[in-house]
Amino acid sequence: MKASIISKNMKLFFQKYYFTILCVIIAFVFFLVMLLVAQKIDYTADNYRYIFSSIMQINGSIFAFIASSTLLAYQLLFSSSPRLMAFFPKKVFIIFLVSNSIFLSLDILSLQTIEHLISVPKQIIYITVITLNIFPIIFAIYYVLLVIKMMSPTFQIKQLKETAKKSKNNDERLMIIYSLEELFITSIRNGQGGNIRLLQNTLSEIIKIYSTTNTFLNKGSNQNPYHPLRIIPAIIERISFSLLDNDMNNLLHFHGHILRELSSTKYGNQQIVDVEIASAIESIGEICVEKNKIIDCKNFIANLVFCIDKTDSTGTILWGISMLIETLKNYLNLYPIQVLEILQEITDCIMRKGFDKDTDSFNSIIFALDDSRILKNCDLYKFTDLEKTIIVLKAY
């Protein structure tokens, strides 16, 4: 038992400090090699002056490279999501600056103390200083690899999810949500469909994290319109509009899934988000009609209505659908066929799903559909199936 505990602790120790251990091993091996070489070759004062001058030039070049790379990385990261600057590896950068400055000073001091005749103790000191110059180089390589890794969307998303789990107040949670929105907009503008799907899944995961982790932060959410979960529908609206504006409407349907998941979030027995979800459903459906993205709107509605399960808030979703129907009726004169196609999808989903007929949300949909303008256009454009479905739903 003790052996397994010791083995586990050793494994954790090496996982945590593997980089430091690796640096020490490399430096020690290099020191031994230099010591052996110094014994075989009689280094003169000119040899050491040349070595230290070369090292100083190398360190100066590395410093200039790291400084320019950092500025470029900052610019790229800022254009992607300014809030992600919080995850920039500042500590590693500071360690590099400090180590580079210290060892550069040691090089200068060693260069100034070189005499014509060099004693054995001084040779060991010079070899030690030369060996220590490995550390700024290793830190520079590690820093560059870390920055490259950080620029990848996968790493950024991983950092956001880890921060979401550790967030201790709603301000931190808001920062994560807004950072995610910035990544969405950047990916949409760059046409990165794969990143968008990854971000959609991440938003869904963060909703689960916020509703199940540190739940005390959800207390009083019904009185706080800027609660992190309550601002998500507005963000989904903006992302949806951006998708439609950039001809990436094939990714719109997954937002129905996100809104359904959001409707299931609760604090105790109280639903956290309701009116915002209903408003988002109405806005997304309306903009789809205006941009003539009917198929994508129908897919969005199917994902939203037909896929409802027991954990989702049926009342909130049907309320949003009834609001959408009321809005669509205003477009019957401009886009009659498009509106009727969407209404056909809505009624088909409702019929196949078989909702409870005695609820206010279901009755609000029946009330919205029971409109002479809809029935008149059904007759005019031969949408007989839609007309029959409305009559059947009214009969309930």
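Scroll up to find the structure.
Note that the structure is a prediction, hence the values are computed from the model and not measured. (Residues numbered from 1 in each chain as written. Predicted model: local features only at pLDDT ≥ 70, side-chain atom pairs only at ≥ 80, totals over all residues. Heavy atoms only, no water.)

## Considering the overall build of the protein
Counting secondary structure elements, the protein contains 17 helices and 2 strands. Considering only contacts in the protein between residues 6 or more positions apart, those separated by 24 or more positions represent 77%. Total accessible area on the protein stands at roughly 20,700 Å², and carbon and sulfur atoms take up 61% of it. (Helix = DSSP H or I, 4+ residues; strand = E, 2+ residues; numbered from the N terminus. Contact = heavy atoms within 4.5 Å. Areas by Shrake-Rupley, 256 points an atom, 1.4 Å probe, with all protein chains shown as cover.)

## Structural notes on unusual backbone geometry
Phi angles above zero are rare outside glycine, and Asn214 is one such case at about 50 degrees. If you trace the backbone, Asn214 turns up in the loop between α8 (193-212) and α9 (232-245). On the basis of relative accessibility, which here comes to 28%, the residue Asn214 falls in the partly exposed class. Although it is not a glycine, Asn292 adopts a positive phi angle of roughly 60 degrees. Its place among the elements puts Asn292 in the loop between α11 (275-290) and α12 (294-306). Residue Asn292 is classed as partly exposed on the basis of its relative accessible area, which comes to 48%. (Buried < 20%, exposed > 50% of the residue type's maximum accessible area, 1.4 Å probe, protein only.)

## Quick notes on a nonpolar patch on the surface
Taken together, Ile58, Ile137, Ile141, Leu145 and Ile148 make up a surface patch of nonpolar side chains, about 460 Å² in accessible area. With 4 residues, the top contributor of residues to the nonpolar patch is helix α5 (residues 134-150). Topologically, Ile137 is positioned in helix α5. We classify Ile137 as partly exposed; its relative accessible area is 33%. (Patch = residues over 30% accessible without salt bridge, like charges linked within 9 Å, V, L, I, M, F, W, Y side chains within 5 Å. Salt bridge = Lys/Arg side-chain N within 4 Å of Asp/Glu carboxyl O.)

## Observations concerning the nonpolar core
In terms of nonpolar packing, the biggest core is built from 94 residues, with Leu259, Val305, Leu343 and Ile346 touching the most fellow members. For Leu259, the residues in contact, after removing those within four places along its chain, are Pro233, Ile236, Ile277, Ala280, Ile281, Ile284, Phe300 and Leu304. Listed in part, the 11 residues of the second largest apolar core include Ala45, Ile114, Tyr126 and Ile130. (Core = buried A, V, L, I, M, F, W, Y, C linked by side-chain atoms within 4.5 Å.)

## What about the packing of aromatic side chains?
Tallied over the full model, the rule gives 2 aromatic pairs. Taking the ring centre of Phe254 as reference, the NZ or CZ of Arg197 above it sits at 4.2 Å. The lysine or arginine in question, Arg352, covers the ring of Phe306, its NZ or CZ lying 4.6 Å from the ring centre. (Phe/Tyr/Trp six-rings, centres within 6.5 Å; stacked < 30°, edge-to-face > 60°. Lys NZ or Arg CZ within 6 Å of the ring centre and 35° of its normal.)

## Structural notes on the environment of Ile342
The topology assignment puts Ile342 in helix α14 (residues 336-353). Here the alpha-carbon distance between Ile342 and Ile295, two residues 47 residues apart in the chain, equals 8.5 Å. Discounting residues that sit within four places of it in the chain, Ile342 has contacts with Val289, Ile294, Cys297, Lys298, Ile301 and Leu328.

## Describing the packing of helix α10 (residues 254-263) against α12
Contact geometry of α10 with α12 gives a least axis separation of 7 Å together with a crossing angle of 30 degrees. Considering the angle they form, α10 stands roughly parallel to α12. Handedness of the α10/α12 crossing: right-handed. Residue-level contacts link Phe254, His255, Gly256, His257, Leu259 and Arg260 of α10 to Phe300, Asn303 and Leu304 of α12. Of the residues that constitute the contact of α10 with α12, the class distribution is 4 nonpolar, 4 polar and 1 charged. (Axes fitted to C-alpha atoms, helices over the stretch in contact; angles between N-to-C directions. Parallel < 35°, antiparallel > 145°, perpendicular 65-115°, else oblique. Left-handed = near helix turned anticlockwise from the far one by under 90°. Nonpolar A, V, L, I, M, F, W, Y, C, P; charged D, E, K, R; others polar.)

## Side note on the environment of Pro233
Positionally, Pro233 belongs in helix α9. On the basis of relative accessible area, Pro233 is assigned to the buried category, the value being 1%. Taking the C-alpha atoms as reference points, Pro233 and Ile281, 48 residues apart in sequence, are found 8.7 Å from one another. Not counting the four nearest positions on each side in its chain, Pro233 is found in contact with Leu259, Leu262, Val273, Glu276, Ile277 and Ala280.

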